[in-house]
Amino acid sequence: MKYLKINIEENADIEVLKNAILQLKGVASAEIVDDENPESELKKAFAKTKEQLKKGDYETLVNDIFDIIIKK
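Residues numbered from 1 in each chain as written. Predicted model: local features only at pLDDT ≥ 70, side-chain atom pairs only at ≥ 80, totals over all residues. Heavy atoms only, no water.

### A closer look at the overall build of the chain
Defined as follows: Numbering of helices and strands runs from the N terminus, with a helix taken as a DSSP run of H or I at least four residues long and a strand as a DSSP run of E at least two residues long. Only C-alpha atoms enter the radius of gyration, while the globule expectation follows 2.2 Å times N to the 0.38, with N the number of residues.
Helix and strand content of the chain: three helices and zero strands. Of the regular secondary structure in the chain, the N- to C-terminal order runs α-α-α. A globule of 72 residues ought to have a C-alpha radius of gyration of about 11 Å, yet the chain, at 16 Å, is considerably larger. Overall, the chain is about 40 × 25 × 25 Å in size when its C-alpha atoms are taken along their principal axes.

### Description of the environment of Ala-28
Cut-off, in case you're wondering: Burial classes follow relative accessibility: with a 1.4 Å probe on protein chains only, a residue under 20% of its type's maximum area counts as buried, one over 50% as exposed, and anything between as partly exposed.
Mapped onto the elements, Ala-28 comes out in the loop between α1 (14-22) and α2 (41-55). Ala-28 sits in the exposed class, given a relative accessible area of 72%. Taking the C-alpha atoms as reference points, Ala-28 and Leu-4, separated by 24 residues in sequence, lie 12 Å from one another.

### Observations concerning the pattern of salt bridges
Pairs can form between side chains of opposite charge once their charged atoms are near each other. Selection rule: Salt bridge, as applied in this entry: a Lys or Arg side-chain nitrogen positioned within 4 Å of an Asp or Glu carboxyl oxygen.
As enumerated under the stated definition, the model contains two salt bridges in all. The salt bridge partner of Asp-64 is Lys-48, with a shortest N-O separation of 3.2 Å. Within this pair, whereas Asp-64 is found in helix α3 (residues 58-71), its partner Lys-48 is found in helix α2, the two being separated by 16 residues in sequence. Between Lys-54 and Glu-51 there is a salt bridge, with the nearest N and O atoms lying 3.8 Å from each other. Of this pair, Lys-54 and Glu-51 both sit in helix α2, three residues apart, which is roughly one turn of the helix.

### Here we look at the side chain of Gln-52
Heads up, the condition is: Identification of polar contacts relies on pairs of N or O atoms within 3.5 Å, with a donor-acceptor requirement for protein atoms, meaning one able to donate a hydrogen and the other able to accept it, and with residues adjacent in sequence counted only if both atoms are side-chain atoms. Residues are treated as being in contact if the distance between any of their heavy atoms lies within 4.5 Å.
Within the secondary structure, Gln-52 sits in helix α2. Among the residues examined, Gln-52 registers a relative accessible area of 7% and is labelled buried. A distance of 2.9 Å separates a polar atom in the side chain of Gln-52 from a polar atom in the side chain of Asp-64. With residues near it in sequence (within four places) discarded, Gln-52 still touches Asp-57, Thr-60, Leu-61 and Asp-64.

### What to know about the confidence of the model for the chain
Here is the rule we go by: The pLDDT value tells you how sure the predictor is about a given residue, anywhere from 0 up to 100.
Here the chain averages 83 in pLDDT, while 90% of its residues score no lower than 70. Within the chain, α1 carries the highest mean pLDDT (91), whereas α2 carries the lowest (81).

### Observations concerning a nonpolar patch on the surface
Test applied: Like charges are joined within 9 Å and nonpolar side chains (Val, Leu, Ile, Met, Phe, Trp, Tyr) within 5 Å, but only among residues with over 30% relative accessible area and no salt bridge; these make up the patches. Working definition of accessibility: Shrake-Rupley area with a 1.4 Å probe, residue cover restricted to the visible protein chains.
On the surface, Leu-4, Ile-6, Ile-8, Ile-14, Leu-17 and Ile-32 cluster together to form a nonpolar patch covering roughly 520 Å² of accessible area. Position of Ile-6 among the secondary structure elements: in the segment before α1. Take Ile-6: its relative accessible area is 44%, and that puts it in the partly exposed class.

This is the structure:
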């Protein structure tokens, strides 16, 4: 898979830009990556899941998983 890295200005509306790029032919996906905050979404999700398991909050965990599956 090939990637295209786009550097944007500070005041740019990232969501609008992402939506515009997704409309282009041949674009499979677009992800917003913040180099200043390198913690990935996957890492955040694992940390949240770990906390839910520690607390025994299985219902919320299952709901989160279903939300992810349905969105894809």
